[in-house]
Amino acid sequence: MNRQLKELSIADPELAAEIDTKFVERKVPLASDILQMMVAETIWGLSIERAFGQAIAHGFLSLMGNVSKERISRYRDLIRGTGESGPTMGRMMAGVLVPILIRTDEGFLKQFLETVAVLLEKGSYTLPPVTDALLFLLHEGDSDGAIAFLRLLTDIFRQPLSYNRSRNLSQIVPKAVCAFPVRGRAARIREVGRVVHADVSLTEAFLDSFDNGLLHLGSEGLTVFVSRGIELLSENPTAGEKFFSMSSRQARECCVNLQVAVPLSQIRNRLDRYLQARTGLRMTVKPLSALSPMHRSPGGEHLGVVSDGKFIYLPSEIDISPTRAENNNLYQVLVRLEAAYYECGTFDFDLEKAMEKGVFPDTAPLRKVSFAEPDESGKSLADLERFFAFFKRPQLAKDLFVIFEQGRIRLWLDRHYPGILRMSLPVLRAEAHRMAEAGEFTKPLFRLYRAIVLNEGTAADQNRWIETTTKRFHQTMNPTVTVEWSAALVADVYGEAENHVSEKVDGALLVPFHRQIRADLFMHTYGTDEMKAVRIQQLLSERNIKVYRSDIRKKLRDQNGTLSLDDVQSIVVSLRDSVDEHGMEKLRHIHSDLSAIDFFGMVAESGPATTPSAHFTGNSFRYREWDFRLQDYLQDHVMVREVPTPLAAADFFEATRRKHHGLIKKIRFSFEMLKPQGLTILRRWLEGDDFDYRALIDYVIDRKAGMIPSERLYIKRLKQERDVCVLLLVDLSRSTANTVLGGKATVLDIEKEAIVLLCEALSVVGDRFSIAGFSGSGRLGVEYYLIKAFGEPMDETIRQRINGITPRRSTRMGAAVRHAVSQLVEVPSKVKLLLLLGDGFPNDTGYKQDYAIEDTRRALDEARSRNIHAHGITVNFSADVQLDALYGKRRHHVIRDIRELPDKLFRIYGALTRQSI
């Protein structure tokens, strides 16, 4: 080979070395005549242009080992033919011909060459965007779409077109085709072709119409739409043109009536609300296109569903069913089933816990392993991934686990959410039936999936192994067992499965809608929490304290990466059931040890008051607390920690603005009345800045009338300014997830909508404002979430923080008020206002009823003593007399409907800030 490449090394040493390296890496046996052909063509290309020769070499390298010698010779002939037209054309063809020749379909190559010939008649300028689009389609594996695209181009450019029209269409058509979803792309392209045959001048307008609604039509609906348009075009060309451009009412109504596809953007907010209400987790939905391609489901964007612990990724559009209602239902089914993984604790699998509790049989092929050991790349591994790696065939173990775990979830849903199961099973069974009819899904694992997950029973043609495995599943599983039992069943049946499932023939298990369990994605999202959990477990193990990493991980995940004293107590196995005085002392020592870890931001037991603590990743502050029983303060009794507010890409902010457009208009108009006019003119002064011309006229008239005129002939101009700052403090306790009495929205929904409305109002009046939330657990675990600081602009980051507000834990209101006051006193404003938005009374560990009310009232009195006006707005509460005790009479309002907010907000805000004018 070195001898054959010697000639090439003279022309281009770097390219020859690269080719030599490729051959060594790939170990592909080559005939000397093929190698000689490649060298000769490459040298010929280099003689024309270096980049052309390199493109030829790379093309040969891609084809070798993938196609026959005859195809490689065809490549050589085609490159020779196009290269003679110029190096630019040659480079382009050298790249695009490779994926075409790798296909065995001779008809595709024939169609490609025909299309290229037609395009070249218009000019070579038409080729670059076309070849780029073709490569994109082939890369996506959309062969049907690619050949339909070539035929469409042939139909368009065979017609007489001007230079400008040809250039325009060569840009627009490829771009539009690539924007079509993979599923149904070929059908949409064929409908464009029908329009081209009817009138090529309508091509651009028709392609633009896909952005105006046609993209949401299914194949049958689009066919009906185009047929109706062609009929109109033959009757009235003007009406037909308006129809295809979607500029007529008739076209828009026809499109709506035919629409069956459901875009994710239309129901995303509803799915987000469902997720947060049902799971209580900070999860939202996103399109699969937002997920990295390497992480997507094997079915591509259209039919896949996957989640990573923070987002559930769904198709950007679903149109697989003939009706809109069925497509809408599929979105709901996918979200409900994916959410069940988190409710059932699938990703909380703990390998150490499973092995210690003996859920694995003695015959299980498991070996000892370091549970904190990373993989070869240094990446942290999820326990499920470690578990699958124990087996000789990890993919088989994973497939079995998917079957048993989804079966366990089916049993759990049957007990807790039977309605979800009744909704989901028919959809999954129909898809499984469709897959089975394709002929490729009669394999043992797929039949086992149908028997266990879909509960379809055992068919007569199923083998003994499927029947016995299904029986074992029902003997082992019940709605109360944990995820570890699914893994135990995998270990139990794996040996027999190896004998019944062929690795080469069966491959990986494909299930309806590719509902896999992606532990790798979950670890990618929560890898930092895993590192923390490993370190915490190691430190406690050194002190002979037993904890499980899954318990630590779950607490860290639920509490946004932090641990309170109560959290530590709940995860220490030896102290979990009951804690006596000795146990509490031991617990305090544990907590003290953890607080010394700066990396984890644990809650510390000590630290200077109202100053940042070195034990935290954020700032921590100490505050006193009023004990009405002692009639004295407990100094440095409470710790408040500023916690970063998580961001969420959901469009709650913009959705609220759209939903309450009328209310916002009313609020903005009302608050315009609070806005100062700039200068105030005071008339009839004895001295001033200028003459008052009205007074001068009166002076002259009085003199002529013989009267004694007034000498107040001047005006004064006074600059009028508002000097107001306001801090909105929002209760984020878990009780805000409750539904408002007599309504459908949660307390937090109304709180977040109130925040949006207040932002709109204050942006009009121009007052400085800040937004913060608070929650926490225990006196040393009060969390303060700064959503918007006084100096921050109201930009997209702030909107994403508002989107990310979710219910947290408890309500130690006094500490949060004192911390908010400490921020307000630093703002140089004449009038300072603290608005508290919550759902009732303070409540926390050791902070309840009279004690909590008295401390909070004391904190509010402290605020007022520092000239800070404090006012409470309570959501979802009747007029309880204790609210007077908490806030003081006439210092609080109650709302149960967001529509009540504008009037009350204007009156509250106007009254409290009036003295600033």
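Just above, that's the structure.
Let us look at the structure shown here. (Residues numbered from 1 in each chain as written. Predicted model: local features only at pLDDT ≥ 70, side-chain atom pairs only at ≥ 80, totals over all residues. Heavy atoms only, no water.)

1. So, the pattern of salt bridges
- Applying the stated criterion to the full structure yields 36 salt bridges.
- Between Lys 353 and Asp 551 there is a salt bridge, with the nearest N and O atoms lying 3.5 Å from each other. With a gap of 198 residues between them, Lys 353 in helix α19 (residues 351-356) and Asp 551 in helix α29 (residues 549-558) connect regions that are remote in the sequence. In this pair, the class of Lys 353 matches that of Asp 551, namely buried.
- Through salt bridges with shared partners, one network takes in Asp 383, Arg 386, Glu 530, Arg 549 and Arg 553. (Salt bridge = Lys/Arg side-chain N within 4 Å of Asp/Glu carboxyl O. Helix = DSSP H or I, 4+ residues; strand = E, 2+ residues; numbered from the N terminus. Buried < 20%, exposed > 50% of the residue type's maximum accessible area, 1.4 Å probe, protein only.)

2. Re the side chain of Thr 346
- Here Thr 346 shows up in the loop between α18 (324-343) and α19.
- What makes Thr 346 buried here is its relative accessible area of 0%.
- A polar contact of 2.7 Å, which involves the side chain of Thr 346, links it to the side chain of Glu 405.
- Other than its neighbours up to four places away in sequence, Thr 346 contacts Tyr 341, Leu 384, Glu 405, Arg 408, Ile 409, Val 483 and Ile 517. (Polar contact = N/O pair within 3.5 Å; in protein donor to acceptor, adjacent residues only side chain to side chain. Contact = heavy atoms within 4.5 Å.)

3. Notes on the packing of aromatic side chains
- Overall, the coordinates contain 25 aromatic pairs when judged by the stated rule.
- Both rings, one in Phe 391 and one in Tyr 494, keep their centres 4.7 Å apart while their planes meet at 50°; by these two values the pair is tilted. Of this pair, Phe 391 sits in the loop between α20 (383-389) and α21 (394-416) while Tyr 494 sits in helix α25 (residues 483-500), and the two are 103 residues apart along the sequence. Residue Phe 391 shares its accessibility class with Tyr 494, and that shared class is buried.
- For the pair Phe 404 and Phe 473, a centre-to-centre distance of 6.3 Å together with 15° between the ring planes defines the contact as stacked. With Phe 404 in helix α21 and Phe 473 in helix α24 (residues 464-476), the pair connects residues that are 69 residues apart, well separated along the chain. Accessibility assignment for this pair places Phe 404 and Phe 473 in one class, buried. (Phe/Tyr/Trp six-rings, centres within 6.5 Å; stacked < 30°, edge-to-face > 60°.)

4. Focus on the sheet that holds strand β16 (residues 892-895)
- Pairing in this open sheet of eight strands is mixed, and the strands run β6-β7-β13-β12-β11-β14-β15-β16 from one edge to the other. Each edge of the open sheet is held by one strand with a lone partner, namely β6 (620-627) and β16. Averaged over all neighbouring strand pairs, the angle between strand axes comes to 25°, with direction disregarded.
- Where helix α38 (residues 849-865) meets the sheet, its contacts fall on β6, β7 (632-643), β14 (831-838) and β15 (868-875), and the angle it forms with β6 comes to roughly 115°. (Pairing = 2+ DSSP bridges. Axes fitted to C-alpha atoms, helices over the stretch in contact; angles between N-to-C directions.)

5. Topic: α25
- Between its terminal C-alpha atoms α25 stretches 25 Å, which fits the 26 Å expected from 18 residues at 1.5 Å a residue.
- For α25, the principal kink sits at Tyr 494 and spans about 55°.
- Within α25, burial applies to Val 483, Glu 484, Ser 486, Ala 487, Ala 488, Leu 489, Val 490, Ala 491, Val 493, Tyr 494 and Ala 497.
- The inward-facing, buried residues of α25 abut α19, α20, α21 and α24. (Expected span 1.5 Å × (residues − 1). Bend = angle between axes of the 7 residues up to and from the residue.)

6. Here's the deal with the environment of Ser 62
- Residue placement: Ser 62 occurs in helix α4 (residues 50-63).
- When the C-alpha positions of Ser 62 and Ile 102 are compared, they lie 9.0 Å apart, and in sequence the two are 40 residues distant.

7. Topic: the nonpolar core
- With 83 residues, the main nonpolar core has Leu 314, Phe 387, Leu 400, Ile 403 and Phe 404 as its most contacted residues.
- Sequence-distant contacts of Leu 314, that is, excluding residues within four places in its chain, are made with Leu 264, Leu 271, Val 285, Lys 286, Pro 287, Leu 288, Gly 304, Val 305, Tyr 331, Leu 334 and Val 335.
- Among the nonpolar cores identified, the runner-up in size contains 78 residues, and Trp 44, Val 98, Leu 137 and Phe 244 belong to it. (Core = buried A, V, L, I, M, F, W, Y, C linked by side-chain atoms within 4.5 Å.)

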